[in-house]
Amino acid sequence: MTDPRPSFTTFRERLLARERMLGTFLKLPTTQVIEILGPLGYDFVVIDQEHAPLDRAITDLMIFAARASNIAPMVRVPELNAASILNALDCGAMGIMVPHVNSVEKAQAVVQSCRYAGGSRGFAGLTRASTWGSVGGVQHMAMQDRQVACIVMIEDQDAVDQAGAIARVDGVDALFIGRGDLTASFGNDPEAGRKVAEISTKVAAAAREANVPLLMLPTSPDDYEFAKGLGASAMLLSSDHGFIRSAAAKAIKEFSD
């Protein structure tokens, strides 16, 4: 059976073209979930090193499984760290997502770590990213700079007013609005939902003015329409944890006496 999806290597191209793409966060240290998601038609996954116990070895295997399943593997690194970004990219990640980017300087450092040309990414010729040396070094570097997506997360209140400047940093490919952290920053404020919606609208406008794609994580069909209305083209639907919990809750409710 022919896979109707484009190659996972075209993720950045499709992202910049604002194609509708669906993905999910992965927090379980396993490859089997990815093998299940592949035939279902997911375009990408975000391997979540920030909020899950995913070390370098299992991340490597998860990236391998995603590529084998024709799903673009993104890695959300725990923090802005050039060594973590380099390792994920050498393992074959097609994109990096960096949390808590709240300044132009931080965004510039993210881009530097992701890029060869004009950046500071360290070179290794025999990696999965280079298909184990099957392409020459110059070609490998050019392909990686063309194919790797550099995504920064706007999820702190002090980042909101900087979102436009961050989006305009050369080499930033997309913004992700981290509404979970933004909501948490308001504590038990009953107006938190409304305030985060206003912040999301503001960040989305900044992305649009900078001509930069937007990613969001909708929590319901109505929220999906809200995200679409803001211009988000790539959507993260829940997570492997979320899928298991919702399916398990539904099953126990249906089959309980």
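Located above this text is the structure these notes cover.
In this numbering scheme, every chain counts its residues from 1 along its sequence in written order. Thresholds applied to this predicted model are a pLDDT of at least 70 for local features of residues and 80 or more for the giving and counting of side-chain atom pairs; totals over whole chains, interfaces and linings are not thresholded and use all residues. To obtain the side-chain values, all non-hydrogen atoms of the structure were used and water was disregarded.

## Topic: the overall build of the chain
Put simply, DSSP H or I for four residues or longer makes a helix, DSSP E for two residues or longer makes a strand, and each gets a number counted from the N terminus. Secondary structure summary: the chain contains twelve helices and eight strands in total. All radius of gyration figures rest on C-alpha atoms, and the globule criterion is 2.2 Å times the number of residues raised to 0.38. Taking 2.2 N^0.38 as the reference for a compact globule, 257 residues should give roughly 18 Å; the C-alpha atoms of the chain span a radius of gyration of 18 Å, in line with that estimate. The C-alpha extent of the chain, read off along each of the three principal axes, is 60 × 50 × 30 Å. A 1.4 Å probe rolled over the protein chains alone gives each residue an accessible area, and that area as a share of the maximum for its type sets the label: buried under 20%, exposed over 50%, partly exposed in between. Expressed as a percentage of the 257 residues in the chain, the buried residues total 51%. We call two residues in contact when some of their heavy atoms are within 4.5 Å. The contacts of the chain with a sequence gap of at least 6 include a subset with a gap of at least 24, amounting to 65%.

## Observations concerning the layout of surface pockets
As a volume, the largest pocket reaches approximately 430 Å³. Using a grid of 1 Å spacing that covers the protein atoms alone, one calls a set of points a cavity when a 1.4 Å probe fits there but cannot get out, and a pocket when the set is open and has protein on both sides within 12 Å along at least five of seven lines; lining residues are those with an atom within 4 Å of a point. As for the largest pocket, its lining consists of 24 residues, of which Gly-178, Arg-179, Gly-180, Asp-181 and Leu-217 are closest to the centre. Listed by contribution, the elements that provide at least two residues to the lining of the largest pocket are strand E6 (174-177), helix H9 (179-184), helix H10 (192-209), helix H11 (221-230) and strand E8 (234-239). Side-chain classes follow a simple rule in which Ala, Val, Leu, Ile, Met, Phe, Trp, Tyr, Cys and Pro form the nonpolar group, Asp, Glu, Lys and Arg form the charged group, and the remainder, Gly included, forms the polar group. Classifying every residue of the lining of the largest pocket by side-chain character gives eight nonpolar, nine polar and seven charged. Grid points are joined across faces, edges and corners, and a volume is the space filled by probe spheres set on the points.

## Some words on the pairing of strand E2 (residues 44-48)
Where burial is concerned, most of E2 is hidden: five out of the five residues are buried. Where burial is concerned, the two faces of E2 agree: the one with Phe-44, Val-46 and Asp-48 and the one with Val-45 and Ile-47 are both buried. The pairing criterion is simple: DSSP has to find at least two bridges between the two strands. Bridge count between strand E1 (residues 21-26) and E2: four bridges; the pairing is parallel. Within E2, the position partnered with Leu-26 by the bridge is Ile-47. Read from E1 through helix H2 (residues 32-40) to E2, the crossover connection turns out right-handed. Inspection of the sheet shows E2 paired to strand E3 (residues 72-76) by five bridges, in the parallel sense. Directly across from Ile-47, in E3, lies its bridge partner Val-75. Here the term right-handed applies to a crossover when the path leading from its first strand over the helix to its second strand runs clockwise, the strands being oriented away from the viewer. Handedness of the E2-helix H3 (residues 56-68)-E3 crossover: right-handed.

## Description of the pattern of salt bridges
Salt bridge criterion: a side-chain nitrogen from Lys or Arg within 4 Å of a carboxyl oxygen from Asp or Glu. Within the structure shown, the criterion is met by 16 salt bridges. When the shortest N-O distance is used, the salt bridge between Glu-191 and Arg-194 registers 2.6 Å. The class for Glu-191 is partly exposed, based on a relative accessible area of 34%. Across the pair Lys-250 and Glu-254 runs a salt bridge whose closest N-O atoms are separated by 2.6 Å. In this pair, Lys-250 and Glu-254 are both assigned in helix H12 (residues 240-255), four residues apart and thus about one turn of the helix distant.

## So, H10
Between the first and last residue of a helix there are one fewer steps than residues, each counted as 1.5 Å, and that sum is the expected span. When the terminal C-alpha atoms of H10 are compared, their 26 Å separation across 18 residues agrees well with the 26 Å that a helix rising 1.5 Å per residue should span. Of the positions making up H10, those classed as buried are Ala-192, Val-196, Ile-199, Ser-200, Val-203, Ala-204, Ala-205, Ala-206 and Ala-207. At the C-terminal side of H10, Asn-211 shows a positive phi close to 60°.

## What to know about the state of the cysteines
Disulfide: a pair of cysteine sulfur atoms within 2.5 Å of each other. Evaluated as defined, the whole model comprises zero disulfides. Cysteine Cys-91 shares no disulfide, and the gap to the nearest cysteine sulfur, in Cys-114, comes to 14 Å. Residue Cys-91 is classed as buried on the basis of its relative accessible area of 10%. Unpaired in this structure, Cys-114 has its nearest cysteine sulfur neighbour in Cys-150, at a distance of 3.8 Å. Assessed through its relative accessible area of 0%, Cys-114 is described here as buried.

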